[in-house]
Amino acid sequence: MDIYSTLTRSKENFETINKNRVNLFVCGPTVYDDAHIGHGRTYISFDTIKL
């Protein structure tokens with residue numbers, strides 16, 4: 001499967017480390033002040049791969 005990499009701005013072959021398994025790591029917000037709507041962005045926007 002080829003995916004578009006925004007880093008290299010080209011299509012690259014997508015290969016998993018483990019067969020039939022893809023891990024997605026999403027960092028949470030660094031909360032050091034009052035809570036605001038921007039903290040929710042972490043949980044609703046991240047990279048998506050669709051077959």
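Up top is the structure these notes are about.
The rules behind the values
- Residues numbered from 1 in each chain as written.
- Predicted model: local features only at pLDDT ≥ 70, side-chain atom pairs only at ≥ 80, totals over all residues.
- Heavy atoms only, no water.
- Pairing = 2+ DSSP bridges.
- Helix = DSSP H or I, 4+ residues; strand = E, 2+ residues; numbered from the N terminus.
- Buried < 20%, exposed > 50% of the residue type's maximum accessible area, 1.4 Å probe, protein only.
- Polar contact = N/O pair within 3.5 Å; in protein donor to acceptor, adjacent residues only side chain to side chain.
- Contact = heavy atoms within 4.5 Å.

Visitor: Quick rundown of the pairing of strand β1 (residues 2-5)? Include the residues and the values.
Guide: In the sheet, β1 pairs with strand β2 (residues 10-13) via four bridges, with the strands oriented antiparallel. Its bridge partner lying in β2, Tyr 4 is registered against Lys 11. Remark: four residues form the turn of the hairpin made by β1 and β2, two consecutive strands paired antiparallel; Arg 9 in that turn has positive phi of roughly 55 degrees.

Visitor: Go over unusual backbone geometry with me, naming the residues and quoting the values.
Guide: Positive phi, normally seen in glycine, also occurs at Arg 9, with a value near 55 degrees. Relative to the helices and strands, Arg 9 resides in the loop between β1 and β2. By relative accessible area, Arg 9 is classed as exposed at 68%. The backbone of Asn 20 sits at a positive phi, close to 60 degrees, despite the residue not being glycine.

Visitor: Can you lay out the side chain of Ser 5 for me, pointing to particular residues and giving the numbers?
Guide: Here Ser 5 is to be found in strand β1. There is a polar contact of 3.3 Å between the side chain of Ser 5 and the backbone nitrogen of Thr 8. Setting aside residues no more than four positions away along its own chain, Ser 5 makes contact with Ser 10 and Glu 12.

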